[in-house]
Amino acid sequence: MKNKKITRKISQGMYVLTTEGGGCVVDAVIQASAGDNPIIAVAICKDNHTHQLLQKNSTFAISVLGKDADGEIIKQFGFNCSRDVDKFEGIETIEVKNTKVVKKSLGYIILEKVDSIDCGTHTLFLGKMIEGDILEDEEPMTYAEYQENKEDLLKITTEKGKTAWICTACGYIYYGDEVPDDFICPICKLGKSYFKEKED
Ligand SMILES: Cc1cc2nc3c(=O)[nH]c(=O)nc-3n(C[C@H](O)[C@H](O)[C@H](O)COP(=O)(O)O)c2cc1C
């Protein structure tokens, strides 16, 4: 028995990773060490453009999203590719150490890339904290809260008269009578079993 859904019970937060040229929404973030310059690790899918950016850039930032996060920021960074759109357009940012961070967040951590580990589908990028600050002293949003509220948060509306299937991990909508067996969500790369038919 290998029920991978148990991995979704691992508590994670909601963050926006930014770096020169773009970035993306991430939940796979951990503080890997303590001390004056803690190491933060973030897992990035190799298919994401952010992966390419992180291979060449030496600095990146993590902005921490709060419970009242703006769904538009999640849509912009989590449902678009930096290859096609300017992720920073229409998003208020602050520039710290030549890196844009999200202004509507609880705060940011600026990281200098120190290592990366190949994890198969993802690469774990390790960054040493060189700067950081709290912008708003509120509660952070957890990934579980995002899952619970994403339809409202992202204002997911589906086209009338069409059968819609929502990816329960990220909110991507697939239209069709059935999700094909080999379908892979283009956003979070999960398979058919993660899709749930939208009820009216
Ligand atoms: C709630 C949520 C959590 C996500 N977590 C991650 C993550 O931890 N790592 C990752 O590589 N992608 C994650 N993604 C997917 C990327 O944000 C998404 O594929 C993005 O469009 C990639 O943009 P890019 O091609 O510009 O890099 C997440 C998306 C959402 C909506």
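This section reports on the structure supplied with the text. (Residues numbered from 1 in each chain as written. Predicted model: local features only at pLDDT ≥ 70, side-chain atom pairs only at ≥ 80, totals over all residues.)

## Structural notes on the site of the ligand
Right, so step 1: For the ligand, the set of nearby residues contains 21 residues, the closest of which are Ala28, Asn48, Thr50, Gly78 and Ser82.
Right, so step 2: In terms of residues, the shell around the ligand owes the most to one element, strand S2 (residues 22-26), which gives four residues.
Right, so step 3: Class assignment of the residues belonging to the shell around the ligand gives a composition of 13 nonpolar, seven polar and one charged.
Right, so step 4: Each of domain 1 (4-143) and domain 2 (156-197) accounts for three or more of the residues forming the shell around the ligand. (Near = placed C-beta within 6 Å. Helix = DSSP H or I, 4+ residues; strand = E, 2+ residues; numbered from the N terminus. Nonpolar A, V, L, I, M, F, W, Y, C, P; charged D, E, K, R; others polar. Domains from an automatic or database assignment.)

## Some points on the sheet that holds strand S10 (residues 164-167)
Right, so step 1: Strand order in the open sheet made by the three strands is S11-S10-S12, with antiparallel pairing throughout. With partners counted over all chains shown, the strands left at the sheet margins are strand S11 (173-175) and strand S12 (195-197), one partner each. With direction set aside, neighbouring strand axes in the sheet form an average angle of 30°.
Right, so step 2: One ladder, built from three bridges, connects S10 with S11; its direction is antiparallel. Bridge pairing in S11 places isoleucine 166 opposite isoleucine 173. (Pairing = 2+ DSSP bridges. Axes fitted to C-alpha atoms, helices over the stretch in contact; angles between N-to-C directions.)

## A look at the sheet that holds strand S8 (residues 107-118)
Right, so step 1: Read from one edge of the open sheet, seven strands run S2-S1-S5-S8-S9-S4-S3, paired in antiparallel fashion. Taken across any chain shown, the strands that pair with only one partner, and hence form the sheet edges, are S2 and strand S3 (29-31). The mean angle between the axes of side-by-side strands here comes to 30°, regardless of whether they run parallel or antiparallel.
Right, so step 2: Strand direction decides the pairing type here: S3 and strand S4 (residues 39-45), joined by three bridges, are antiparallel. Opposite glutamine 31, over in S4, you have isoleucine 40 as the bridge partner.
Right, so step 3: Along the sheet face, helix H1 (residues 49-56) touches strand S1 (15-19), S2, S4, strand S5 (59-64), S8 and strand S9 (122-134) and points at about 120° away from the line of S2.
Right, so step 4: The strands that helix H2 (residues 71-78) touches are S1 and S2; relative to S2, the one it contacts most, it runs at about 115°. (Contact = placed C-beta atoms within 7 Å.)

## Quick notes on the pairing of S10
Right, so step 1: Linking S10 back to S11 in an antiparallel pair, the connection comprises five residues, with glycine 171 at a positive phi of about 105°.
Right, so step 2: Here S10 pairs with S12 via three bridges, running antiparallel. Its bridge partner lying in S12, isoleucine 166 is registered against lysine 196.

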